[in-house]
Amino acid sequence: MKCPKCDTEIFDDSNKCPNCGASISIDDDFNIDLPSMKKDVVEDVYNDQSLFDGDENTGEFSLDFATDNEEVQPAATTDEVDSVIDDYDDKMAAIDKEIEKVQSTNELEDTFNFHPEDLDIEEDDKEVSSPTVNDLLEYEPDLPEETETPEEETVRTKKNYLLICGAIAILIVALSILGINTYRKSSISKYDVKSELSKSLDRYYNTNGEAYDSLTKVLENVYKEQSKLDSAREETYQRVDSWIKEYINVDAPTAAEFSNTTIKYKTLVDNLYNKVEVNKVKLLEEDKYKEYSDKIDAISQDSKIYYRALDAFNKSDYNEAYALFDKIEETNNYYEKAKVYKTKTVNTVLSFIKKEAIRFEERTEDKTNEEKIAIYKQLIDVIQKYDKTYNNLKLSSNETYQEYLTTYRSRITELSA
């Protein structure tokens, strides 16, 4: 061991340092700062026998005690050296007792698991078998492994259980999604687009453009595949074309009722474009929507003069009706229907002339020839008045009209002979 004051090596069980006389002892908590001594000072103490023989003793010693970070202190006096040696001896005795206690106590030995051979001992000090106080203080024992308490084990078990449950739940969700996708793909593959589209268009038309959800469902099944989408659109366009033709051929009795019909077909086209859409993909393309909208607008515009003429015809204003029908040009969507009504108007007036002729014929029964001649002359005047009254019909150029005139003029000639 070493002196805590002068750092002198001590090889016996002395309670005092042979060099400085310090007492060798240790505090209960082993917390001792051992000073170091310069090597040259220790050698001077051992070599200078005058300190112990009394030859020319000056009463002073050139011992310097210093810590690692302090400067060397002034030389100590003889009294100071003796006091230090006494203290050192006391402390070393205490250290020896503590070391013996450590070595003899199995519990402390098990706790620290101390092995002297693990200490870093200088080559010159290998014969010292006991560890120093600083070695004991700096040594880190191998502590026994911590064991879990029942509460900690329960918490760990619950965590593991929750993790397993969570993993199972995730697996179930994943399998469910996979199953749904598989079923959806299977359903799509079995989905009859053409049949469903036809039924959906019928339902849409019968509800005046209100039931468009089924059309959206059809679009959901085809919009990702261009070929299927094109096929569905082509089927839809053919159906809309038939609606437009139907709209032109509507025989509304009045202009007001035709206006309601216009609203119906316009709604059919508008909702088909604005409502039936999936991810910005429309069943009715924009250019086709514009085409159909323009057709409906044109038909509506053309219908105005046609239904004015029809209203006049229904009011028996045949002269005005014929004039309006006659103004409808070939470019008008109602041109063909106007031609039919022009003929119908003329035939209606001719039917009136026929009725007049039958009525006058009845008056000639049991009449003399002179009386008959007078009656036929009156009938010819009536027939000519029809031509003047319905001048827009141009009856004079009508073959049937001319036959009536020719027939009754001939009878007058026969009766006059």
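None of these values were measured; they are calculated from a predicted model. (Residues numbered from 1 in each chain as written. Predicted model: local features only at pLDDT ≥ 70, side-chain atom pairs only at ≥ 80, totals over all residues. Heavy atoms only, no water.)

Engineer: What am I meant to see in the overall build of the protein chain here?
Structural biologist: What the protein chain contains, in helices and strands, is 15 helices and 4 strands. A fraction of 65% describes how many contacts in the protein chain between residues 6 or more apart in sequence connect residues 24 or more apart. Looking at the protein chain as shown, the accessible area adds up to about 27,000 Å², and 48% of this sits on carbon and sulfur atoms. (Helix = DSSP H or I, 4+ residues; strand = E, 2+ residues; numbered from the N terminus. Contact = heavy atoms within 4.5 Å. Areas by Shrake-Rupley, 256 points an atom, 1.4 Å probe, with all protein chains shown as cover.)

Engineer: Sorry, what's going on with the environment of Asp7 here?
Structural biologist: Within the element layout of this structure, Asp7 appears in the segment before β1 (36-37). Here Asp7 falls in the partly exposed class, since its relative accessible area comes to 26%. Measuring from C-alpha to C-alpha, the distance between Asp7 and Cys20 comes to 9.6 Å, with 13 residues separating the pair along the chain. (Buried < 20%, exposed > 50% of the residue type's maximum accessible area, 1.4 Å probe, protein only.)

Engineer: For this particular structure, what's the right way to read a nonpolar patch on the surface?
Structural biologist: A grouping of Ile164, Ile168 and Ile172 is seen on the molecular surface, where their side chains present a nonpolar patch of about 290 Å² in accessible area. Position of Ile168 relative to the elements: it lies in helix α6 (residues 150-190). (Patch = residues over 30% accessible without salt bridge, like charges linked within 9 Å, V, L, I, M, F, W, Y side chains within 5 Å. Salt bridge = Lys/Arg side-chain N within 4 Å of Asp/Glu carboxyl O.)

Engineer: I keep staring at the nonpolar core and nothing clicks. Help me out?
Structural biologist: Core analysis: the largest hydrophobic core is formed by 72 residues, its most contacted members being Phe325 and Leu395. With 10 residues, the single largest contributor to this core is helix α11 (residues 286-314). Leave out the neighbours within four places in its chain, and Leu395 touches Val346, Val349, Leu350, Ile353, Tyr386, Asp387 and Tyr401. Listed in part, the 9 residues of the second largest apolar core include Cys6, Ile10, Ala22 and Ile95. (Core = buried A, V, L, I, M, F, W, Y, C linked by side-chain atoms within 4.5 Å.)

Engineer: Explanation requested: helix α9 (residues 226-248) in the structure shown.
Structural biologist: Every α-helix winds through 3.6 residues per turn, so residues three or four apart in the chain are directed the same way. In this model, α9 (23 residues) spans 33 Å end to end at C-alpha, consistent with the 33 Å of a helix rising 1.5 Å per residue. Among the residues making up α9, those that are buried are Leu229, Ala232, Arg233, Thr236, Tyr237, Arg239, Val240, Trp243, Ile244, Tyr247 and Ile248. Those residues of α9 that are buried are in contact with α7 (193-206), α8 (213-222), α10 (255-274), β4 (281-282), α11 and α13 (335-363). (Expected span 1.5 Å × (residues − 1).)

Engineer: Where do I start with the packing of aromatic side chains in this structure?
Structural biologist: Remark: the centre distance and the inter-plane angle together describe each pair of aromatic rings, the angle taken between the planes. Evaluation of the coordinates by the stated rule reveals 19 aromatic pairs. A centroid spacing of 6.1 Å and a plane angle of 80 degrees characterise the contact between Phe258 and Tyr334, whose relative ring orientation is edge-to-face. Taken together, the residues span a long stretch of sequence, with Phe258 in helix α10 and Tyr334 in the loop between α12 (318-327) and α13 at a distance of 76 residues. For the pair shown, Phe258 and Tyr334 are each scored as buried. Seen from their ring centres, Tyr386 and Tyr390 are 6.2 Å apart, and the 15 degrees between their planes marks the pair as stacked. Accessibility assignment for this pair places Tyr386 and Tyr390 in one class, buried. Positioned above the aromatic ring of Tyr273, the side-chain terminus of Lys282 is 4.5 Å from the ring centre. Its end group placed over the ring of Tyr237, Lys288 keeps NZ or CZ at 5.1 Å from the ring centre. (Phe/Tyr/Trp six-rings, centres within 6.5 Å; stacked < 30°, edge-to-face > 60°. Lys NZ or Arg CZ within 6 Å of the ring centre and 35° of its normal.)

Engineer: Just to check I follow, could you spell out the pattern of salt bridges for this structure?
Structural biologist: For side chains bearing opposite charge, pairing can occur when the charged atoms are close. In this structure the tally under the stated criterion is 13 salt bridges. Its salt-bridge partner being Asp297, residue Lys266 comes within 3.6 Å of it at the nearest N-O pair. Placement of Lys266 in helix α10 and of Asp297 in helix α11 is noted, with a sequence separation of 31 residues between them. Judged by relative accessible area, which is 41%, Asp297 ranks as partly exposed. The salt bridge partner of Arg359 is Glu356, with a shortest N-O separation of 2.6 Å. A residue pair is termed a helical-turn pair when its members lie 3 or 4 positions apart in one helix, as Arg359 and Glu356 do in helix α13 at 3 residues. Looking at Arg359, the relative accessible area reads 41%, which means it is partly exposed. Three or more residues are tied together by salt bridges with common partners; here these are Lys288, Glu291 and Lys295.

Engineer: I keep staring at the packing of α13 against helix α14 (residues 369-389) and nothing clicks. Help me out?
Structural biologist: Geometry of a packed helix pair, given as the angle between the helix axes and the separation of the axes. For the pair α13 and α14, the least separation of the axes is 10 Å and the interaxial angle reads 170 degrees. It follows from the interaxial angle that α13 and α14 lie roughly antiparallel. Judged by residue contacts, Val349, Phe352, Ile353, Glu356, Ala357, Phe360, Glu361 and Arg363 of α13 engage Ile375, Tyr376, Gln378, Leu379, Val382, Ile383 and Tyr386 from α14. Residues of the contact of α13 with α14, tallied by class, amount to 11 nonpolar, 1 polar and 3 charged. (Axes fitted to C-alpha atoms, helices over the stretch in contact; angles between N-to-C directions. Parallel < 35°, antiparallel > 145°, perpendicular 65-115°, else oblique. Nonpolar A, V, L, I, M, F, W, Y, C, P; charged D, E, K, R; others polar.)

Engineer: Is there a simple way to explain the side chain of Asn221 in this structure?
Structural biologist: By the element assignment, Asn221 lies in helix α8. You can call Asn221 buried: its relative accessible area is 17%. One polar contact links the side chain of Asn221 to the main-chain carbonyl oxygen of Lys217, over a distance of 2.7 Å. (Polar contact = N/O pair within 3.5 Å; in protein donor to acceptor, adjacent residues only side chain to side chain.)

Engineer: What am I meant to see in the side chain of Thr261 here?
Structural biologist: Its place among the elements puts Thr261 in helix α10. Of the residues examined, Thr261 reaches a relative accessible area of 16% and is grouped as buried. In contact with Thr261, other than residues within four places in its own chain, are Tyr247 and Val250.

Geometric values such as these leave the question of function open.
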